[in-house]
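# Architecture and fold: a report
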Amino acid sequence: MGKLSIGAVNLELQDAFSKRWSLRSGLPLTVDKRVLSDDPFLNAFSVIGSILTDLDEVMNGLKRLETAMLSQIPVSSKAALPPYPAKPPREQANDLISYYKHQGGPKPAGLGSLLTKALEATEKAYGIDGTPATLTANILPQTFVDDLLKKRRPFKDPGAGLEHGESTHRIQWFIICTSPIYKSNCKFSPGEVYEHVGEWFFPDARGGADSSLRNITNLSMWDALVDRAGPPFNEFPTKDDLDFRNPNKFHPWMLSKAQGERHFPLLHAYLNARASKRKDLEPREYLAQKVYGTSYNGLCDEYRKTTNMSKLLFIAQNTTGTAAEPVFVVLDDLDVIRREARDPRSGVITRDTFFSKSKLRS
């Protein structure tokens with residue numbers, strides 16, 4: 001397929017949201033009685049689709065992200081005190097790359113969260129400035145729109161699976177925000193577009209007589225632009241491995257086929273280390289460690305002593321596989337101790353919920 005022109009993406013989006021869907025259902029999909037062709041944001045949507053199918057622009061964006069990560073390396077306070085010269089950023093980055101590759105010894109001091117800091121600085125500069133979130137489960141479509149897109153909240157996505165990658169959407173939006181193609185073709189800020197994506201979200205739309213699409217219920221602009229997985233998950237398939245609107249294509253490519261060690265070595269080392277770390281970490285265990293600073297088994301032992309299941313219930317609510325599933329609180333011996341309906345706002349965690357060694361949680 002290769003790069004899609006802005007015009008080609010424009011027609012593709014109109015086909016999905018207006019013409020083709022209208023033919024199936026007999027009714028056009030509209031926002032405020034306006035079809036997609038009348039939406040002033042359509043051009044911005046089209047530019048985003050063109051950027052994420054442009055191999056050169058994606059690679060340039062990843063190189064820009066590498067530079068942004070390096071810029072977050074702090075200058076040593078000993079820099080002006082000979083004979084204790086600070087290592088230059090590139091040497092410090094090499095120490096961190098070695099740590100990520102070998103996971104041995106202590107992590108180089110002062111070099112934590114470089115990717116997060118680089119992403120947040122850019123997101124805020126371009127208007128994606130809501131409180132960052134972590135998604136630990138599949139959340140309800142309306143919650144996704146109301147709690148994330150409309151509030152312009154960037155998010156990590158460890159609940160989406162290893163192939164998808166937990167930071168892939170934020171990397172897509174970094175590329176969009178910093179792209180000269182975007183700047184020269186769009187009158188709206190990326191933050192304004194991020195928010196408006198939520199207007200074109202139709203979780204109850206169905207594919208009518210087309211049997212291959214009949215049960216798809218999430219026709220959305222988010223899927224069209226940055227989350228193309230194809231049936232049975234959504235309306236938008238991708239057959240091209242270089243269509244980086246699909247995180248399940250983009251993330252594996254960054255790990256293996258992008259020659260990241262040469263083009264963006266620090267980012268590449270980080271993403272591979274993170275993928276390796278997440279590979280065998282079960283969702284309940286992830287959340288137990290992140291929120292309560294202990295293992296899931298430890299929380300089960302605590303429950304057996306206190307009979308207080310509030311922590312286990314919080315984890316169950318926020319790791320349920322799909323929005324429609326009931327919640328089961330399960331102990332480490334697989335004994336089910338509670339079943340209840342899922343909280344519709346569960347699955348979205350804010351950073352201040354995470355465990356900090358500097359303060360003990362009750």
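Here, every reference points to the structure presented above.
Notes on the structure follow. Quick caveat: nothing in here was measured; it's all calculated off a predicted structure.

### Examining the sheet that holds strand β7 (residues 348-350)
Spatially, β2-β1-β7 is the arrangement adopted by the 3 strands of the open sheet, whose pairing is mixed. This sheet does not close on itself; its edge strands, each paired only once, are β2 (155-156) and β7. Looking at chain direction, strand β1 (residues 133-135) and β7 are connected through 3 bridges and run antiparallel. When the bridges of β7 are listed, Thr-134 appears paired with Ile-349.

### Focus on the nonpolar core
Of all hydrophobic cores here, the largest spans 78 residues; its most connected members are Leu-13, Phe-17, Phe-45, Leu-62, Val-193, Met-221 and Trp-222. Of the residues forming this core, the biggest block, 7 residues, is contributed by helix α3 (residues 55-71). With sequence-adjacent residues up to four places away left out, Val-193 is seen in contact with Phe-41, Ala-44, Phe-45, Ile-48, Trp-173, Tyr-182 and Phe-188.

### Here's the deal with unusual backbone geometry
Of note in the backbone geometry, Ser-113 takes a positive phi value of approximately 60° without being a glycine. With respect to the secondary-structure elements, Ser-113 resides in the loop between α4 (89-102) and α5 (114-125). In this structure Ser-113 comes out as partly exposed when scored by relative accessible area, which is 43%. The backbone phi angle of Leu-334 is positive, close to 75°, even though this residue is not glycine. Looking at the element boundaries, Leu-334 is found in the loop between β5 (327-330) and β6 (336-340).

### Brief notes about the side chain of Thr-136
In this fold, Thr-136 is placed in the loop between β1 and α6 (141-149). The exposure class of Thr-136 is buried, given its relative accessible area of 7%. Here Asn-318 takes part through its backbone oxygen, which lies 2.5 Å from a polar atom of the side chain of Thr-136. Those residues within four positions of Thr-136 in sequence are excluded, and the remaining contacts are Gly-159, Tyr-286, Leu-287, Asn-318, Thr-319, Gly-347 and Ile-349.

### So, the packing of aromatic side chains
Taken as a whole and judged by the stated rule, the model has 18 aromatic pairs. An angle of 80° between the planes, with centres 5.6 Å apart, marks the rings of Tyr-100 and Tyr-270 as edge-to-face. Residue Tyr-100 is located in helix α4, and its partner Tyr-270 is located in helix α13 (residues 265-279); the two are separated by 170 residues in the primary sequence. Given a relative accessible area of 9%, Tyr-100 falls into the buried group. Consider the rings of Trp-200 and Phe-202, whose centres lie 6.0 Å apart with planes at 65°: the pair is edge-to-face. Of the two residues examined, Trp-200 and Phe-202, each falls in the buried class. Every member of this aromatic cluster is reached through a ring pair, and the members are Phe-144, Phe-155, Trp-173, Tyr-194, Phe-201 and Trp-222. Sitting above the plane of the Tyr-296 ring, Arg-284 keeps its charged end 5.0 Å from the centroid.

### Notes on the packing of α3 against α5
For the pair α3 and α5, the least separation of the axes is 8 Å and the interaxial angle reads 110°. Our classification of the angle between α3 and α5 gives roughly perpendicular. On the side of α3, the interface is formed by Leu-65, Ala-68 and Met-69, while α5 contributes Leu-114, Leu-115, Ala-118 and Leu-119. Among the residues forming the contact of α3 with α5, the class breakdown is 7 nonpolar, no polar and no charged.

### Considering helix α16 (residues 310-317)
Buried residues dominate α16, accounting for 6 of its 8 residues. Of the surrounding elements, those touching the buried residues of α16 are α14 (283-292), α15 (296-306), β5 and β6.

### Side note on the pattern of salt bridges
This structure, assessed with the given rule, holds 22 salt bridges. Taking the shortest distance from any N to any O, the salt bridge between Glu-166 and Arg-278 comes out at 2.7 Å. Taken together, the residues span a long stretch of sequence, with Glu-166 in the loop between β2 and α7 (168-178) and Arg-278 in helix α13 at a distance of 112 residues. Of the two residues examined, Glu-166 and Arg-278, each falls in the buried class.

About the criteria used
Residues numbered from 1 in each chain as written. Predicted model: local features only at pLDDT ≥ 70, side-chain atom pairs only at ≥ 80, totals over all residues. Heavy atoms only, no water. Pairing = 2+ DSSP bridges. Helix = DSSP H or I, 4+ residues; strand = E, 2+ residues; numbered from the N terminus. Core = buried A, V, L, I, M, F, W, Y, C linked by side-chain atoms within 4.5 Å. Buried < 20%, exposed > 50% of the residue type's maximum accessible area, 1.4 Å probe, protein only. Contact = heavy atoms within 4.5 Å. Polar contact = N/O pair within 3.5 Å; in protein donor to acceptor, adjacent residues only side chain to side chain. Phe/Tyr/Trp six-rings, centres within 6.5 Å; stacked < 30°, edge-to-face > 60°. Lys NZ or Arg CZ within 6 Å of the ring centre and 35° of its normal. Axes fitted to C-alpha atoms, helices over the stretch in contact; angles between N-to-C directions. Parallel < 35°, antiparallel > 145°, perpendicular 65-115°, else oblique. Nonpolar A, V, L, I, M, F, W, Y, C, P; charged D, E, K, R; others polar. Salt bridge = Lys/Arg side-chain N within 4 Å of Asp/Glu carboxyl O.

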